[in-house]
Amino acid sequence: MKGRILGLAAIGASLALGLVSAARAQATDAVIDRIKAKKAISIGYREASIPFSYIDAQGKPTGYSTDLCTRVAATVKTALGLPELEIKWVPVNLQNRIPLVANGTVDISCESAVNTIGRQAQVDFSSPFFISSTRFLVKSKSGITELADLKGKSIALPINSVPERLIKSIVERDKLNIRIVPVRDNSEGFLALSTDRVDAFSTDDILLFGLRSKAPAPADYEVVGKPLSYDSYGFLVQKNSTVFLSLVNATLARLARDGELARIYGTWFEPIGVPLSASLATTFQTIGIPE
């Protein structure tokens, strides 16, 4: 992994050189000061947020989000003049990722976090790098196509997630007789569905496509339902770390302008049958602001 970062340093060199003075001029950015002191950047990752951030067959963090954050690390390395910058990978989950970023244990959490007003009170978000919607994963022969089809049935929802709050609010509003089964993460949700403990698992649709692609028999499952939300993903950083956040966003902007962001997307999402959508293509254009 270190060799990969060394190779990526040259990619971000031109961008980083333009940001060196800004990064060095301010000593009030807690994340920048921490990285300088440790000569390391702590990147949060998830173990089963496929294809954004998960553990590969060799036990190493991988995915679309972690791929993008290795580019961020390369930019930081050059901008701060730290040739031996080390990446420390820190596992996070839905329950602890925000506290770990807020208290400085994690410098940047690179996974699949939806940007919400409530979360902005605790952490800052990078520019968006993905758009998702809440939908459902079900068995192919279940006959379930929408939330209303789950009356008298059960659904697994990940704790402390946007889909959990959304689905619960709809169930309460429409007085639907649906049993809610809380799960810790995507792996537990898929396990509950595959072993017939629940009739559906709901979370961000792209995560459902990822789970389906890794199933022993993908054809046994399908992602269904009309989109119930419009959610943008961002990387999480500590509040008021403006210098560090500028390096993160500048990296994403450069990747978007160069077309590299779309190519990285294709590497991770085309194999699971999720081509670049029109809305996400527009998002890439929007964040590709000039230097």
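None of the values given here were measured: they were computed from a predicted structure.

Q: Can you help me understand the sheet that holds strand β5 (residues 86-91) in this one?
A: Neighbouring strands of a sheet are bound in pairs by backbone hydrogen bonds; such pairs are parallel or else antiparallel. As summarised here, the arrangement of the 5 strands in space is β5-β1-β6-β15-β7, forming an open sheet in which the pairing is mixed. A single partner strand is all that each edge strand has here, and the edge strands are β5 and β7 (123-125). In this structure, strand β6 (residues 108-109) lies alongside strand β15 (residues 236-238), joined through 2 bridges in antiparallel fashion. In the sheet register, Ser109 faces β15, and the bridge partner there is Leu236. Relative to the sheet, helix α4 (residues 30-38) contacts β1 (40-45) and β15, its axis offset from that of β1 by approximately 115°.

Q: When you look at the sheet that holds strand β11 (residues 179-183) in this model, what are you seeing that I'm missing?
A: With mixed pairing, 5 strands are arranged side by side in an open sheet as β11-β10-β12-β9-β13. Here the strands that pair on one side only, and so sit at the sheet edges, are β11 and β13 (221-224). Going across the sheet, the axis of each strand differs from the next one's by a mean of 30°, ignoring polarity. The strands that helix α8 (residues 162-173) touches are β9 (134-139), β10 (154-158), β11 and β12 (200-204); relative to β10, the one it contacts most, it runs at about 145°.

Q: Please explain the pattern of salt bridges as it appears in this structure.
A: Charged atoms that come close allow side chains of opposite charge to pair. All told, the structure shown has 14 salt bridges when counted by the stated rule. Where Arg34 meets Asp107, a salt bridge forms, and the shortest distance between an N and an O atom there is 2.9 Å. Separated by 73 residues along the polypeptide, Arg34 in helix α4 and Asp107 in the loop between α6 (97-102) and β6 bring together distant segments of the chain. In this structure Arg34 comes out as buried when scored by relative accessible area, which is 19%. Look at Asp107 and you get buried, because its relative accessible area is 0%. Two residues, Glu146 and Lys226, come together in a salt bridge whose shortest N-O distance is 3.9 Å. Taken together, the residues span a long stretch of sequence, with Glu146 in the loop between β9 and β10 and Lys226 in the loop between β13 and β14 (231-233) at a distance of 80 residues. Within the structure, one salt-bridge network assembled from shared partners comprises Asp67, Arg71, Glu260 and Arg263.

Conventions and cut-offs
- Residues numbered from 1 in each chain as written.
- Predicted model: local features only at pLDDT ≥ 70, side-chain atom pairs only at ≥ 80, totals over all residues.
- Heavy atoms only, no water.
- Pairing = 2+ DSSP bridges.
- Helix = DSSP H or I, 4+ residues; strand = E, 2+ residues; numbered from the N terminus.
- Contact = heavy atoms within 4.5 Å.
- Axes fitted to C-alpha atoms, helices over the stretch in contact; angles between N-to-C directions.
- Salt bridge = Lys/Arg side-chain N within 4 Å of Asp/Glu carboxyl O.
- Buried < 20%, exposed > 50% of the residue type's maximum accessible area, 1.4 Å probe, protein only.

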